[in-house]
Amino acid sequence: MKDARQAQGFVFGATRSDTPPEPELYVLVIGESSRSMNWRLYGYDRNTNPQLSDSRNLIVFRDVITQAAVTRISVPLILTRGTIEDEQRAARERSIVSVFHEAGFHTYWVSTQQRDPFTGAINRYPREADVTRFYERRHDGLLVDTVKEMLAQNAAKEGKMFFVVHSMGSHFNQISRYPRVFNLFPDDDSTLSAQQRLINAYDNTIAYTDHVLSDLIDVLRQRPGIKALLYVSDHGENLNDDERGLFGHYQNNEYDLPIPLLFWYSEEYAGHFPDKVAAARNNALRPLNTRVVFHSLADMAGINIHDADTTRLSVFSPELANIRRMVLGEPKPFDFDRSNLERGPKVHAQVHAERGSMTGNAAQPLP
Ligand SMILES: [Zn+2]
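Nothing here was measured: the structure is a model prediction, and the numbers come from that model.

Asker: I keep staring at the pairing of strand S2 (residues 58-61) and nothing clicks. Help me out?
Answerer: Side-chain alternation along S2 places Leu58 and Val60 on one buried face and Ile59 and Phe61 on a second face that is also buried. Both S2 and strand S10 (residues 261-265) contribute to a ladder of four bridges, which runs antiparallel. In the sheet register, Leu58 faces S10, and the bridge partner there is Trp264.

Structure follows, in structure tokens:
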């Protein structure tokens with residue numbers, strides 16, 4: 001409660017030394033339960049990224065992990081300066097939404113997620129936005145329509161806009177996350193094993209996310225001015241990948257920690273911020289974790305919060321530091337790169353192998 005009061009009065013003191021005269025539109029998309037190893041953009045053997053693979057001006061950060069493979073911890077650490085070693089900072093301070101608000105942006109939060117019914121940890125961040133819209137458990141395509149509508153309504157008056165798009169992505173039950181037309185890898189073929197159908201449904205969620213992101217990028221492209229979009233998933237997922245038969249997340253292992261992180265920018269963005277694009281390209285292979293998201297978003301838009309960490313923790317900075325990638329663990333956080341977790345799990349052959357029925361998945365995964 002003390003933290004909540006502190007956060008209410010909290011101010012970043014955000015400033016901009018160079019405010020571009022043209023309209024600006026920045027979008028943060030938060031993915032759900034989406035692991036990089038099932039993205040074609042990360043080397044998966046199935047084409048789960050038919051649209052984004054053709055997208056120009058897309059930077060794929062190859063080696064990124066989350067700090068906690070559970071939504072209610074991960075999402076606050078994506079949105080704030082909190083870290084897995086100082087989680088309370090996510091409660092004491094405001095989020096990136098307020099950074100943009102202070103810098104003169106009109107801020108929006110659109111979501112297909114359920115309002116966090118367990119801890120309420122995430123609910124406070126949408127409240128920082130000027131406009132919020134929740135469509136609980138609908139398909140993510142609705143978010144694109146909503147952004148489009150909001151842009152059309154505000155076309156005349158809103159020169160500077162920041163959106164947070166909180167998606168349902170690949171959340172269990174995967175089969176409910178996409179329209180039937182996205183049943184590209186059959187999720188209902190009874191000649192396949194339950195395991196194969198599970199993988200197929202999961203891959204369909206990735207292909208649908210690919211479509212949603214591409215559509216959103218198209219919406220941005222059609223707007224005047226400077227546009228950019230950052231996509232990051234909150235954590236990955238275990239899909240009975242090996243003999244342990246693990247399912248869901250909150251395992252904090254090689255399946256639910258590695259996540260996709262993508263940056264798309266418009267030509268106008270590259271024209272105004274060529275050095276940031278060049279730095280991001282140079283940083284694409286660096287080992288990263290979700291600590292970079294908050295600082296990268298501020299830096300992406302040239303917003304200064306007078307924090308020395310921004311230079312060290314922004315992917316748009318030529319001085320990006322080597323990040324010690326701490327991860328939620330018992331009894332205390334552990335260093336992912338010093339752990340004996342298999343680094344960059346092989347895209348497992350079982351994707352096409354028949355493994356018989358699912359095991360070890362009696363419990364529903366935590367959010
Ligand atoms: Zn999640």
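Asker: For this particular structure, what's the right way to read the nonpolar core?
Answerer: Nonpolar side chains in soluble globular proteins tend to end up buried together. Ranked by size, the top nonpolar core spans 60 residues in total, and within it Tyr26, Leu28, Phe61, Phe100, Phe263 and Tyr269 carry the most contacts. Of the residues forming this core, the biggest block, six residues, is contributed by helix H9 (residues 291-300). Ranked by size, the runner-up nonpolar core spans 40 residues in total, among them Leu25, Trp39, Leu151 and Phe182.

Asker: Help me out: how do you make sense of the pairing of strand S7 (residues 226-233) in this one?
Answerer: A regular strand places its side chains on the two faces of the sheet in alternate fashion. Buried residues dominate S7, accounting for eight of its eight residues. Judged by which residues are buried, S7 turns out to be covered on both faces: Ile226, Ala228, Leu230 and Val232 on one side and Lys227, Leu229, Tyr231 and Ser233 on the other are all buried. In terms of strand pairing, strand S1 (residues 24-31) meets S7 through eight bridges, oriented parallel. Within the sheet, the bridge partner assigned to Leu28 lies in S7 and is Leu230.

Asker: Sorry, what's going on with the coordination of the zinc ion here?
Answerer: Each angle at a metal carrying four tetrahedral donors should ideally be 109.5 degrees, and each at a metal carrying six octahedral donors should ideally be 90 or 180 degrees. The protein atoms that coordinate the zinc ion are Glu32 (OE), Glu32 (OE), Thr71 (OG1), Asp234 (OD) and His235 (NE2), at distances spanning 1.9 to 2.7 Å. As a motif over one chain, the donors of the zinc ion read E-x38-T-x162-D-H. You can see Thr71 sitting in helix H2 (residues 71-79) and its partner His235 sitting in the loop between S7 and strand S8 (238-239), a full 164 residues away along the chain. Residue class for His235 comes out buried when judged on its relative accessible area of 0%.

Asker: For this particular structure, what's the right way to read empty space enclosed by the protein?
Answerer: The method is simple in principle: a probe with the dimensions of a water molecule rolls over the atoms, and the space it marks as empty is what remains. One pass over the full model with this rule turns up two cavities of 30 Å³ or more. Approximately 90 Å³ is the volume attributed to the largest cavity. Considering the residues around the largest cavity, the lining is formed by 13 residues, among which Val29, Asp140, Ser167, Val212 and Leu213 are closest to the centre. Sort the elements by how many residues they give to the lining of the largest cavity and helix H6 (residues 194-221) lands first, with four residues. Of the residues contributing to the lining of the largest cavity, the split by class is nine nonpolar, three polar and one charged. Here the second largest cavity defines a volume of roughly 30 Å³. Every residue along the wall of the second largest cavity is listed here: Gln67, Thr83, Ile84, Glu85, Asn289, Arg291, Arg324 and Met326. Residues that form the lining of the second largest cavity fall into these classes: two nonpolar, three polar and three charged.

About the thresholds
The written sequence of each chain sets the order in which its residues are numbered from 1. Reporting of local features is limited, given that this is a predicted model, to residues whose pLDDT is at least 70; pairs of side-chain atoms are given and counted only at 80 or more, and all residues count toward the totals for whole chains, interfaces and linings. Based on all heavy atoms of the structure, the side-chain values leave hydrogens and waters out of the count. Note on classification: 1.4 Å probe, protein chains only; a residue is buried when its accessible area is under 20% of the maximum for its type, exposed when over 50%, partly exposed between these limits. Starting at the N terminus, helices and strands are each numbered in turn, a helix being any DSSP run of H or I of at least four residues and a strand any DSSP run of E of at least two. What makes two strands pair is DSSP finding at least two bridges between them. Each nonpolar core is a collection of buried residues, namely Ala, Val, Leu, Ile, Met, Phe, Trp, Tyr and Cys, held together in the definition by side-chain atoms within 4.5 Å. Metal donors were taken as nitrogen, oxygen and sulfur atoms no farther than 2.8 Å from the ion, or 3.2 Å where the ion is Na, K or Ca. Water is excluded, so coordination may look unfinished. Here a cavity is any set of points on a 1 Å grid over the protein atoms alone where a 1.4 Å probe fits but cannot get out, and a pocket is any open set with protein on both sides within 12 Å along at least 5 of 7 lines; a residue lines the site when it has an atom within 4 Å of a point. Grid points are joined across faces, edges and corners, and a volume is the space filled by probe spheres set on the points. Put simply, Ala, Val, Leu, Ile, Met, Phe, Trp, Tyr, Cys and Pro go in the nonpolar bin, Asp, Glu, Lys and Arg in the charged bin, and everything else, Gly too, in the polar bin.

Coordinates in, geometry out; function isn't part of it.
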